[in-house]
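The chain contents come next:
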Amino acid sequence: MIELRGVAKTYVVRERVGSFRPSVRREIPALQGIDLQVHQGEFVGLLGPNGAGKTTLLKIVATLLLPTRGEVRVNGLDALRYPGKVRPLLGVVLAGERTLYWKLTARENLLLFAGLYNLPRKRARKRADELLELVGLSEFADVTVEKFSTGMRKRLAIAKALVHQPPVLILDEPTAGLDPHGVEEVWRVLLALREEGTTVLMATHNMLEAERIPTRLLIIDAGKILADGTAAEIVAKSGAKSVALITLDSQPALTGAPSLRANEDGTWLISVPLEDLPVHLSALQAQGRRILNVEIRESRLWQAFLRLTGRPFDDLPPQKEEE
Amino acid sequence: MRAIWALIRKELLYLRAYPLDFANYAISPAFIVAPYIFFAKLFGFSHELLDSVAVGLLLWYWLSTLLGAVALGLEEDMEEGIFETLVVHPITIFHLLLAKAVVMVLENLYITGTMLAWFFFFGVPLRLPWWQFWGIVVLSGFGLAGFMLALAAVALIYKKPFVLYDLVQWGLGALSGVTRPSRDLPRALWLLSRAIPLSYGIEAARATILGRPVEGIPILLALGLLYFFLGKALLVAAERRMRAAGTTGEF
């Protein structure tokens, strides 16, 4: 369905070195030889930090950007040589809110974009009604987009991308900037698309979204794919382990190098691999330490992500997760 | 064709959002017309000459607003952030420009109506063979299409080419003989005027007023065609450069 071979992209930027001095040319590698195949019906998530190369990759597939080298095919068609033939195969939702005409209503937007795909007016009207229903905006069909919330605009942008029933959908961070309610609304639409078997390539840097929505996940950083598989497979392969957090009344004598941290209230917190918990509990009891609390933290994607990307990693996970 | 109609419809729907523009289009021609008429009357020009100035002005104003709307229209889409979304659809930038041109022609019809009303108000009732005149307007518009494409190409790369637009607009006006025949220009400028399709359009429009035979239309078409292909080639090159540089979504 989508095939990338050795795709690399280097941006050339002009860097200012002084207010009135000539700018200096600098090359920034955004993608470094990406090989990827997305099969029909797969919902592939691209998980990576800001600047990892996710948007660049999506824009290359969407025919918006030319790679420095490599090949891109969609349904067997060369996307670099025949962008005009590839575009009807894609539904694209780009990042940002300005992907719609704000002075037009939701329905007018859908009819406009349906027209760009040459859909006959009658069919376009029917499709617009179906999509407004799918994304839960039927009630607001004739309201101008400028009156919409960010979440509503995102859902309408997804509807717009589906207007011509494309075989492939490309989504760039569809829930970025949304409140939890807005995220849930967009997820409902994404899960429905997954159930329908739509082929999707979606960029995200929301860990929970990456765990819940895609059927296959790619971890990307510094323009390279670091891991490929289901979220569970990536967690397992990364060596990220479930941990137990034990809160004690006083400092223990440590064995087996568990992590140790003093809390502000005078208690102590140690982190041990989950499989070693019984051994450590026995040892602590033998030392006469009072165990105040034991909390199990399942190994999660964020741990795997941090391990894979090589960013600083604290054995003690944060008390409150971002999600 | 359906795609172009969808784009035209969108442009028309956008007019609905800014009703004050129509008041502006009705009033602003007066400020353009007045100084020319004032000076023409001050120096006691004949009716033929007044008509001649009025026709040149009308044609130039008509075409320069068309030039601006089309060439700088992309810049508006880029500024709004919608441009990237448009170009992932199976349409070309040429389609976008064409839709803008069609809508601007409709807007210009309205502007022309108000401008004629102002001419009448200032005592210059144009005695024109209108069908012939509109034919010349259309041909002159085609003659300028290459300039529109070239300016749009520059807008894709340099984003806000107002200086260039002003230069082209006023340069075309001065050289093509808006207020006085280009044959009165110094020789070097006259030679330049021969390379501008609008010069032939204005001369043809004046000839229709004076009842003289219309000449220069084949040259206008030939030059228009040449500029069209040059402009289109520049636009394609600019689009490719934009995709390579990754600036489709930046402004």
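Residues numbered from 1 in each chain as written. Chains lettered and ligands numbered in written order. Predicted model: local features only at pLDDT ≥ 70, side-chain atom pairs only at ≥ 80, totals over all residues.

### Thoughts on the overall build of chain A
Part 1: Helix and strand content of chain A: 10 helices and 14 strands.
Part 2: Out of the 323 residues in chain A, the part that is buried amounts to 41%.
Part 3: Taking contacts inside chain A between residues at least 6 apart in sequence as the whole, the part at least 24 apart equals 69%. (Helix = DSSP H or I, 4+ residues; strand = E, 2+ residues; numbered from the N terminus. Buried ≥ 20, exposed ≤ 12 C-beta atoms within 10 Å, placed from the backbone. Contact = placed C-beta atoms within 7 Å.)

### Some thoughts on the overall build of chain B
Part 1: Per the secondary structure count, chain B includes 11 helices and 0 strands.
Part 2: Written out in order from the N terminus, the α and β elements of chain B read α-α-α-α-α-α-α-α-α-α-α.
Part 3: Its C-alpha atoms put chain B at 55 × 40 × 30 Å along the principal axes.
Part 4: A total of 251 residues make up chain B; the buried ones form 43% of that total.
Part 5: Taking as baseline every contact in chain B between residues at least 6 positions apart, the subset at least 24 positions apart corresponds to 77%.

### Details of the sheet that holds strand β2 (residues 24-38) of chain A
All names here are of chain A.
Part 1: Overall, antiparallel pairing links the 4 strands, which are arranged β2-β1-β4-β5 in an open sheet. The open sheet has two edge strands with one neighbour each: β2 and β5 (77-78).
Part 2: Direction of pairing for strand β1 (residues 2-15) relative to β2: antiparallel, over a ladder of 11 bridges. In the strand pairing of β2, V13 is matched with R26. (Pairing = 2+ DSSP bridges.)

### Let's talk about the packing of helix α3 (residues 106-116) of chain A against helix α5 (residues 150-161) of chain A
Residue and element names in this part refer to chain A.
Part 1: Contact geometry for α3 and α5: axes closest at 9 Å, N-to-C directions at 25°. Put simply, α3 runs roughly parallel to α5. For the pair α3 and α5, the crossing hand works out as right-handed. Within the contact between the two elements, α3 uses A106, N109, L110 and F113 and α5 uses L156, A159 and K160.
Part 2: Residues that form the contact of α3 with α5 fall into these classes: 5 nonpolar, 1 polar and 1 charged. (Axes fitted to C-alpha atoms, helices over the stretch in contact; angles between N-to-C directions. Parallel < 35°, antiparallel > 145°, perpendicular 65-115°, else oblique. Left-handed = near helix turned anticlockwise from the far one by under 90°. Nonpolar A, V, L, I, M, F, W, Y, C, P; charged D, E, K, R; others polar.)

### A few points about the confidence of the model for chain A
Part 1: Confidence in the prediction for chain A averages 87 pLDDT; 95% of positions are at 70 or higher.
Part 2: Across residues 312-323 of chain A, confidence stays below pLDDT 50; counting only partners more than four residues off in sequence or on other chains, it has 11 contacts. (pLDDT = per-residue confidence, 0-100.)

### Comments concerning the domain arrangement of chain A
Part 1: Domain annotation of chain A identifies domain 1 (2-237) and domain 2 (241-298).
Part 2: Just the C-alpha atoms count here: the centres of domain 1 of chain A and domain 2 of chain A sit 44 Å apart. (Domains from an automatic or database assignment.)

### Remarks on the nonpolar core
Part 1: In terms of nonpolar packing, the biggest core is built from 154 residues, with V61, I170 and L201 of chain A together with V70, M148, L151 and A152 of chain B touching the most fellow members.
Part 2: With 14 residues, helix α7 (residues 130-158) of chain B is the single largest residue contributor to this core.
Part 3: Residue contacts for M148 of chain B: discarding those within four places in its chain leaves L67, V70, A71, L97 and G231 of chain B.
Part 4: Core analysis: the next-biggest nonpolar cluster, separate from the first, contains 5 residues, V243, A244, I246 and V272 of chain A among them. (Core = buried A, V, L, I, M, F, W, Y, C linked by C-beta atoms within 7 Å.)

### Brief notes about the environment of G73 of chain B
Residues and elements named next belong to chain B.
Part 1: By the element assignment, G73 lies in helix α4 (residues 73-80).
Part 2: Linking G73 and L151, residues 78 residues apart in sequence, is a C-alpha distance of 10 Å.
Part 3: Filtering out sequence-adjacent residues up to four positions away, G73 remains in contact with L97 and K100.

### Some points on the interface of chain A and chain B
Part 1: Between chain A and chain B, the residue contacts involve 24 residues of the former and 22 residues of the latter.
Part 2: Breaking the side of chain A that touches chain B down by element, the ones donating at least two residues are β6 (90-93) and α3 of chain A.
Part 3: With 4 residues, α3 of chain A is the single largest residue contributor to the side of chain A that touches chain B.
Part 4: The class makeup of the residues in the side of chain A that touches chain B is 14 nonpolar, 6 polar and 4 charged.

### Here we look at the environment of G246 of chain B
Part 1: Within the secondary structure layout, G246 of chain B lies in the segment after α11 (217-245).
Part 2: The contact partners of G246 of chain B, leaving out residues within four places of it in the chain, are Y11 and L65 of chain A.

### What about the pairing of strand β4 (residues 69-74) of chain A?
Residue and element names in this part refer to chain A.
Part 1: Across 5 bridges, β1 lies against β4 in antiparallel orientation. Each bridged residue has a counterpart across the sheet, and for R5 the counterpart in β4 is E71.
Part 2: In terms of strand pairing, β4 meets β5 through 2 bridges, oriented antiparallel. In the sheet register, R73 faces β5, and the bridge partner there is D78.
Part 3: The loop that links β4 with its antiparallel partner β5 comprises 2 residues; one of these, N75, has a positive phi angle of about 50°.

### A word on helix α10 (residues 301-309) of chain A
Residue and element names in this part refer to chain A.
Part 1: All of the buried residues in α10 are L301, W302, Q303, A304, F305 and R307.
Part 2: Against β3 (43-47), α7 (207-212), β9 (216-221) and α8 (231-238) lie the buried residues of α10.
Part 3: Once α10 finishes, G310 follows within two positions and takes phi at roughly 70°, a positive value.

### Here's the deal with the sheet that holds strand β11 (residues 243-248) of chain A
The strands that make up a sheet are held in pairs by hydrogen bonds between backbone atoms, and each pair lies either parallel or antiparallel.
Residues and elements named next belong to chain A.
Part 1: Taken together, the 4 strands give an open sheet; going across it, the order is β12-β13-β11-β14, and neighbouring strands pair in antiparallel fashion. Taken across any chain shown, the strands that pair with only one partner, and hence form the sheet edges, are β12 (259-262) and β14 (291-297). Here the strands of the sheet are splayed against their neighbours by 20° on average, with no regard to which way each runs.
Part 2: Relative to strand β13 (residues 268-273), β12 runs antiparallel, the two being bridged by 4 bridges. Bridge pairing links A262 to W268 in β13.
Part 3: The sheet contacts of helix α9 (residues 277-286) involve β11, β13 and β14, and relative to β11 the element is tilted by about 15°.

### Structural notes on the confidence of the model for chain B
Residue and element names in this part refer to chain B.
Part 1: On average, residues of chain B carry a pLDDT of 81, and 92% of them reach 70 or more.
Part 2: Taken element by element, chain B is modelled with least confidence in helix α3 (residues 47-71), mean pLDDT 71, and with most confidence in α11, mean pLDDT 90.
Part 3: On the interface metric, ipTM, the complex scores 0.80, and its pTM is 0.80.

### Section: the packing of helix α10 (residues 197-210) of chain B against α11 of chain B
All names here are of chain B.
Part 1: At a minimum axis separation of 8 Å, α10 and α11 run at an interaxial angle of 155°. In terms of orientation, α10 lies roughly antiparallel with respect to α11. Seen along the crossing, α10 lies across α11 with a hand that is left-handed. In this structure, α10 contributes P197, Y200, G201 and A204 to the contact, and α11 contributes I217, I219, L220, L223, G224 and Y227.

### Considering α3 of chain A
Part 1: Counting buried residues in α3 of chain A gives 11 out of 11 residues, a clear majority hidden from the surface.
Part 2: Looking at the buried residues of α3 of chain A, the elements they touch are α4 (121-134) and α5 of chain A together with α1 (2-17) of chain B.
Part 3: Of the residues flanking the end of α3 of chain A, it is N118 of chain A, one or two places downstream, whose phi is positive at about 65°.

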